[in-house]
Amino acid sequence: MSKYNSTIQENKQRYLDELFDLLRIPSISADPAYKDDVFKTADEVAKRLNEAGADNVEICETPGYPVVYGDKIIDPSKPTVLVYGHYDVQPADPLELWTSGPFEPVIKKTDLHPEGAIFARGACDDKGQMYMHVKAFELMMQHGTLPCNIKFMIEGEEEVGSANLEWYVKRNQDKLECDVILISDTGMLANDIPSITTGLRGLAYMEVEVTGPNRDLHSGLYGGAVANPINILTKMIASLHDENNHITIPGFYDKVEELSAEERAEMAKAPFSIDDYKAALDIDDVYGEEGYSTMERNSIRPTLDVNGIWGGYTGEGAKTVIASKAYAKISMRLVPNQMPDEISELFEKHFKAIAPKSVKVKVTAHHGGEGYVTHTTDKAYQAASKAYETTFGKKPIPVRSGGSIPIVALFEKELKSKSILMGFGLDSDAIHSPNEHYGVFNYLKGIETIPYFYEFYAENH
Ligand code: BES
Ligand code: MN
Ligand code: MN
């Protein structure tokens, strides 16, 4: 039982209602049709920060969606924590697979969330997790326990690459000065196995276009005699992995850090059931790079994946055609030290080199970002660890995540500040998928745990 528990229980319904209001606004940053809703969400977040007791609340215009800022400076000699989160969400499609409306939040029970989970797009990524910080701040204000200065920076373009947050951060370095950055936009192992994210992967995202003949052709009259760009593209893509599932792009692994046997043994201690993993995904076997465990494959190893592929005829029935063009979107998850620009260049060079003369290849890079690691010896990590221990009754396990928050590496460069990733979601919460949800337990536990981070961080600063 923590000192905040009774206040949280008394206010539980209001915390949920307020989050539900945010979740009802479809703030899809990728789709211009939702522009007004994204702006409206920024207004709403600003209003909530004000109500919670923040000063200097501001909706900061950028060339894209605004950044919401607010702060509470209690004493300049005290440490300053900068809270980062995002109020934008992923598109909700495919809509038909949702069991309730993506922007009509409801609580439903699931196997892993017997106390109920909030179903809505953005419930976990990241409105629910971001809003825990607003409520934790409110809680500290009510209890008179805020021991640090606090700054909020909530953006609206995380799901589309944070290009304008970079713009904003570079122009507001003084205003954003802080000792540590606190983020809840990742996950933990299980509700009874707390963990803290100590690493994120980077990202290089490419789009390729393969052009064969100058127009779509009759596949009988021309088939066999000219290059079919779809055949060629799939062959080229297939060659990007060898028989051991290593990536074949020359130089791709040059900067990949190999973990020591001790580090790998430490990682292997985290509880993980391969059978549960397979069952949850309805697969008979896992698949990946030779020589690495499933947990290693999706965290400390880089990957290459086709995210989408199209071209030719995909309508009803059969049309006999050789398409003029074929396309694919290919992403590479990177590990720390692998630079996205370098990797994009290696990819482009290689992809052009393996193309036969009979096609033309165009390669473009989309947004990317570097990976990130933080250490368990860090003061902020120690404070977070103690915070989880207080509210979960268990020491959290450090875990490197496979996901990416590219802006975190940029924060380190521009603001000279480390980030601590206190995520409370579960991998099974279906972020980016239909039926995204966030446990009510997780939401409330987050609100309860965050104030202890401030307490222990201030104590040991
Ligand atoms: N919150 C996620 C990232 C995440 C989720 C990291 C769970 C670790 C665990 C973030 O919103 C996200 O979706 N990031 C994108 C990259 C971004 C540039 C679109 C990703 O990882 O694909
Ligand atoms: Mn997120
Ligand atoms: Mn996301």
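Residues numbered from 1 in each chain as written. Chains lettered and ligands numbered in written order. Predicted model: local features only at pLDDT ≥ 70, side-chain atom pairs only at ≥ 80, totals over all residues. Heavy atoms only, no water.

### Section: the overall build of the protein chain
Right, on to step 1. Within the protein chain, the secondary structure is distributed over 12 helices and 18 strands.
Right, on to step 2. A globule of 461 residues ought to have a C-alpha radius of gyration of about 23 Å, and the protein chain, at 24 Å, matches this closely.
Right, on to step 3. In terms of overall dimensions, the protein chain has C-alpha extents of about 80 × 50 × 45 Å along its principal axes.
Right, on to step 4. Buried positions account for 54% of the 461 residues belonging to the protein chain.
Right, on to step 5. Summed over its atoms, the accessible surface of the protein chain is roughly 20700 Å², and 49% of this surface lies on carbon and sulfur atoms.
Right, on to step 6. Charged side chains in the protein chain number 46 positive and 70 negative. The centres of these two groups are separated by 3 Å. (Helix = DSSP H or I, 4+ residues; strand = E, 2+ residues; numbered from the N terminus. Rg over C-alpha atoms; globule rule 2.2 N^0.38 Å. Buried < 20%, exposed > 50% of the residue type's maximum accessible area, 1.4 Å probe, protein only. Areas by Shrake-Rupley, 256 points an atom, 1.4 Å probe, with all protein chains shown as cover. Lys, Arg positive; Asp, Glu negative; His and termini not counted. Charge placed at Lys NZ, Arg CZ, Asp CG, Glu CD.)

### Concerning the domain arrangement of the protein chain
Right, on to step 1. For the protein chain, the domain assignment lists domain 1 (5-200 + 371-460) and domain 2 (203-256 + 302-369).
Right, on to step 2. One C-alpha centre belongs to domain 1, the other to domain 2; they are set 36 Å apart.
Right, on to step 3. Contacts between domain 1 and domain 2 engage 11 residues on the former and 6 residues on the latter.
Right, on to step 4. The contact between domain 1 and domain 2 buries some 620 Å² in all, and 55% of this surface belongs to carbon and sulfur atoms.
Right, on to step 5. One can count 0 salt bridges joining domain 1 with domain 2.
Right, on to step 6. At the junction of domain 1 with domain 2, the criterion picks out 1 residue pair in polar contact (both at pLDDT 80 or more). (Domains from an automatic or database assignment. Contact = heavy atoms within 4.5 Å. Buried area = accessible area lost by both parts, 1.4 Å probe. Salt bridge = Lys/Arg side-chain N within 4 Å of Asp/Glu carboxyl O. Polar contact = N/O pair within 3.5 Å; in protein donor to acceptor, adjacent residues only side chain to side chain.)

### A short note on the coordination of the manganese ion (ligand 3)
Right, on to step 1. Coordination of the manganese ion (ligand 3) by the protein is provided by D125 (OD), E159 (OE), E159 (OE) and H432 (NE2), with metal-donor distances spanning 2.1 to 2.5 Å.
Right, on to step 2. Given 6 donor atoms and angles of 56 to 154° at the metal, the environment of the manganese ion (ligand 3) is assigned as irregular.
Right, on to step 3. Linear spacing of the donor residues for the manganese ion (ligand 3) on their chain is D-x33-E-x272-H.
Right, on to step 4. The distance between the manganese ion (ligand 3) and the manganese ion (ligand 2) comes to 3.6 Å, and D125 binds to both of them. Separated by 34 residues along the polypeptide, D125 in the loop between β5 (117-119) and α3 (127-143) and E159 in the loop between β6 (149-155) and α4 (163-171) bring together distant segments of the chain. (Donors = N, O, S within 2.8 Å, 3.2 Å for Na, K, Ca; no water. Tetrahedral: all angles 85-135°; square planar, octahedral: opposite > 155°, others 65-115°.)

### Things to note about the sheet that holds β5
Right, on to step 1. If you trace the 3 strands from one edge of the open sheet to the other, you get β4-β5-β18, paired in antiparallel fashion. The sheet is open, and its two edges are formed by β4 (106-108) and β18 (437-439), each paired on a single side. Between one strand and the next, the sheet's axes are offset by a mean angle of 30°, whatever the strand orientation.
Right, on to step 2. Along the sheet, helix α1 (residues 5-23) makes contact with β4 and β5, crossing β5 at roughly 25°.
Right, on to step 3. Contacts between helix α12 (residues 440-459) and the sheet are confined to β4, β5 and β18, with β18 contributing the most and set at about 60° to the helix. (Pairing = 2+ DSSP bridges. Axes fitted to C-alpha atoms, helices over the stretch in contact; angles between N-to-C directions.)

### Considerations on the site of ligand 1
Right, on to step 1. Not every one of the 15 residues close to ligand 1 is listed here, only the nearest: E158, D185, R333, S404 and H432.
Right, on to step 2. Between an oxygen atom of ligand 1 and a side-chain N or O atom of R333, the distance comes to 2.7 Å.
Right, on to step 3. S404 is positioned such that a nitrogen or oxygen atom in its backbone is 2.9 Å from a nitrogen atom of ligand 1.
Right, on to step 4. Its residues assigned to classes, the shell around ligand 1 shows 3 nonpolar, 7 polar and 5 charged. (Near = heavy atom within 4 Å. Nonpolar A, V, L, I, M, F, W, Y, C, P; charged D, E, K, R; others polar.)

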